[in-house]
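Each chain is listed here by its residues.
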Amino acid sequence: MSSFGQVLKEIGEFGLFQKLLLIALCVPAMFCVFITFGQVFTGMSFPHHCNTDWILERGPNLTEEEQKNLTLPVNKDGSFESCKMFTPVDWDLEAIEAYGINSTTGCSDGWDYEKPKHASSTLTEFDLVCDQSSLIALSQSIYMAGILLGVLALGTIADRFGRRVAILISLLFQVLFGVAIALSPNIYVYMVLIFFTGVSGIPILMTLTVMSMEWTSPFRSALCVFIIMLVTSSGLLVLAGIAYLIQNWRILQLVLSGPVVLVLAVFFCFIPESARWLITQGRKEDALKVLQRAARVNGRTVPDNLLDNLETNDSPERGSMLDIFRIPYLRKRTLIMGFNWFASSLMYFGLSLNVGSFGLNIYLTQFIFGFVEIPASLISLALIQYVGRRITQAGFLLFGGVSCLLIPAIPKDLPALTTTIAVLGKFGSTASFNIAYIYSAELYPTVLRQNGVGQNNMCSRLAGILAPLIWLLEAYHFTIPMLIYGIVPIVAGVLSFLLPETLNVELEDFPETT
C-alpha cells in the first residue's frame, strides 16, 4: 500500500503547480489582514473636548485658546477635560471673564475633535467618546465573536464539503459585508456588519494554510505556511501606508474590502480542491483529475492507475469535532494546543489592537509592529525546521509573556522604551502564532485536520474577544492588562512541553484506533 506522500513524489512535491497555488493563497491572506487590522485606523482615536460654541454668541471674536480657557475645566495634569465643560450661563462675556464659571456638566452639544481637516473615523462620526467610549472595545470584541463563529462553521464546512468551498464562502462574506460596513449609518449597524465580516476574516487563514500543507511534503509544508504568514505580516506594512494616505474611514474601508471581489472571481474559476481531502472522502476520480492537472503543470506524466494502491478507507471518512474528544491522544493535543492558541492570540491582539496606547505615532507604531513580524516569521521558520516545533513554540510563548510583564514597569515618560518592549512582545506572539498554524495541522489526521485546527482557532477567538475588553481593566489599575497578557503565555509555554514533536513526520490521514 502506498501513501499520499508517495503520490506527491510522482506528480512533484513542490513544483510549479504548488508554487502557483501558494502565490494564489497568499492574496486572500493579505486582504484578511486588511479587514482585521483596518479597524485600528477606521476606529482611530483623536484628542477631543466638549463643543462650547455657546460662548461665541457672547464673544464671537474669541480665539480658540480663549474659548477653551473660559469654558473647559482643567484636569490634574494641566490639560483640558475631554468629557466635561463649564455649565453654560446667561451672562455677558465681561461677567464670565471677571468671575468665571464654577459648575460643570457633561458635553451637551457634542464634541470637537483635533484632527486633520479631511480625516474621519467611526469614533468621530459616531461620537464614541466619554460614556460611549467602551463601544470601541465592544465592536472589536463583536468582530472576534464573528471570527469564533467563522472558525466553527468554516472548520466543519472545510472537512465536510472541501477546502475550496470554505475559501470561496469566506471571500464572498468578506466582500459583501466589508463593503457594507462603509455604508453604516450608525454604530449599531456597524457592529452587526462587522460581526459577519469577522466570520470570514481570520478563519480563512486556517483553510489557506491547511490547503497549502496538504499539497506539499512535510518538509515543504512548514515553508508554505510561513510564506503565507509572512505575506500577512507584509500586509500590516502595506496597511499602515494605505491608512496614512486615506484618512477618511469610509473610503479606507472600501479600498480595503472592495478588491476582494476580483480575488473571489479568480478563485472560483481556477482554485483546485485538496487532492488529499478528496481521497479521504472516497472521491478518487475527482482526486485523479486534480492530480493529473498538477502533474501537467509540473511537467510530469502520471499513469491512470496512480491511486490504485493508495492506502485509504473503504468508505468516506467524515469526522466531526466530537470525534477529536473521543480519541484520548487527540483530546490531550487539543486541550494543550487550544490553550497555546488562546495565549498567543491574547498577547497578539492585546498588543496589536492597541498600537495607539504606547505613546508613539499610531502609523509609525503600526509600521514597526508589522515590520517586526517579518523577522519573527523567518527566525521561527528556521528554528522549527532545525530545533523542532515543541521547543520553539514554548520558547516564544515564554519570551513574549516576559516582555509583556516588563511593560508596566517602564515609566510613562519613556514611550520609545515602552514601544520597544511591546515590539518584543509582538515578536514573540507573532512567532508563536505562526508556529501554531503549522504545529496544529500536523497534530491531526486529514479527516479531522480542519476541525482540529478549527477548535484550536476557536480558543484563539475566545482570547480575541477578551483581548480588547481586558484593556478596560486599566481603569482599575494600569498594570492589570499587561499582567494578564504576560502570565497566560508563560503558563501556555510550560504546557507546550507535553506535546509530541512533529518535525519531518508524515501527515496522518486517519486517526489511530488503538
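Asker: Help me out: how do you make sense of the pattern of salt bridges in this one?
Answerer: Any two side chains of opposite charge can pair if their charged atoms end up close together. Within this structure, the stated rule accounts for ten salt bridges. A salt bridge links Glu442 to Arg389, with the nearest nitrogen and oxygen atoms 2.7 Å apart. Taken together, the residues Glu442 in helix H20 (residues 415-443) and Arg389 in helix H19 (residues 389-406) connect sequence positions 53 residues apart. Across this residue pair, the class does not change: Glu442 and Arg389 are buried. Here the salt bridges do not stand alone but share partners, grouping Glu57, Arg58 and Asp90 into one network.

Asker: Would you mind showing me how to read the packing of aromatic side chains here?
Answerer: Aromatic rings considered in pairs are described by the distance between their centres and by the relative angle of their planes. In the structure shown here, the tally under the stated rule is 16 aromatic pairs. Measuring from ring centre to ring centre gives 5.3 Å for Phe195 and Phe196, while their planes differ by 85 degrees; the resulting arrangement is edge-to-face. What makes Phe195 partly exposed here is its relative accessible area of 21%. Above the ring of Phe268, the side-chain terminus of Arg164 is found at 5.7 Å from the ring centroid.

Asker: What am I meant to see in the layout of surface pockets here?
Answerer: It is the rolling of a water-molecule-sized probe over the atoms that shows where space remains empty. By volume, the second largest pocket amounts to about 260 Å³. What lines the second largest pocket is a set of 13 residues, among which Leu20, Leu21, Ala24, Phe270 and Ile271 lie closest to the centre. Those elements that provide at least two residues to the lining of the second largest pocket are helix H2 (16-37), helix H13 (260-270) and helix H15 (284-297). Among the elements that line the lining of the second largest pocket, the one with the most residues is H2, at five residues. Residues belonging to the lining of the second largest pocket are distributed by class as follows: twelve nonpolar, no polar and one charged.

Asker: Which parts of the structure should I look at to understand the state of the cysteines?
Answerer: Note on terminology: disulfide describes a covalent bond linking the sulfur atoms of two cysteines. Under the defined criterion, the tally for this structure stands at two disulfides. There is a disulfide in this structure between Cys50 and Cys107, and the S-S distance comes to 1.8 Å. Taking the sign of the S-S torsion, -60 degrees for the link of Cys50 and Cys107, the bridge is left-handed. Within this pair, whereas Cys50 is found in strand S1 (residues 48-50), its partner Cys107 is found in the loop between strand S3 (104-105) and strand S4 (111-113), the two being separated by 57 residues in sequence. According to the relative accessible area criterion, Cys50 is buried, its value standing at 0%. Across the disulfide, Cys83 is cross-linked to Cys130 (sulfur-sulfur distance 2.0 Å). Because the torsion about its S-S bond is -100 degrees, the bridge between Cys83 and Cys130 counts as left-handed. With a gap of 47 residues between them, Cys83 in the loop between helix H4 (64-71) and strand S2 (85-86) and Cys130 in the loop between helix H6 (122-126) and helix H7 (134-161) connect regions that are remote in the sequence. According to the relative accessible area criterion, Cys130 is buried, its value standing at 19%. Counting its disulfide-bonded cysteines in sequence order, the chain shows a connectivity of 1-3, 2-4.

Basis of the calculations
Residues numbered from 1 in each chain as written. Predicted model: local features only at pLDDT ≥ 70, side-chain atom pairs only at ≥ 80, totals over all residues. Heavy atoms only, no water. Salt bridge = Lys/Arg side-chain N within 4 Å of Asp/Glu carboxyl O. Helix = DSSP H or I, 4+ residues; strand = E, 2+ residues; numbered from the N terminus. Buried < 20%, exposed > 50% of the residue type's maximum accessible area, 1.4 Å probe, protein only. Phe/Tyr/Trp six-rings, centres within 6.5 Å; stacked < 30°, edge-to-face > 60°. Lys NZ or Arg CZ within 6 Å of the ring centre and 35° of its normal. 1 Å grid on protein atoms, 1.4 Å probe; cavity = no way out; pocket = protein on both sides within 12 Å on 5 of 7 lines; lining within 4 Å. Points joined across faces, edges and corners; volume = space filled by probe spheres on them. Nonpolar A, V, L, I, M, F, W, Y, C, P; charged D, E, K, R; others polar. Disulfide = S-S within 2.5 Å.

On their own, these measurements won't tell you what the molecule is for.
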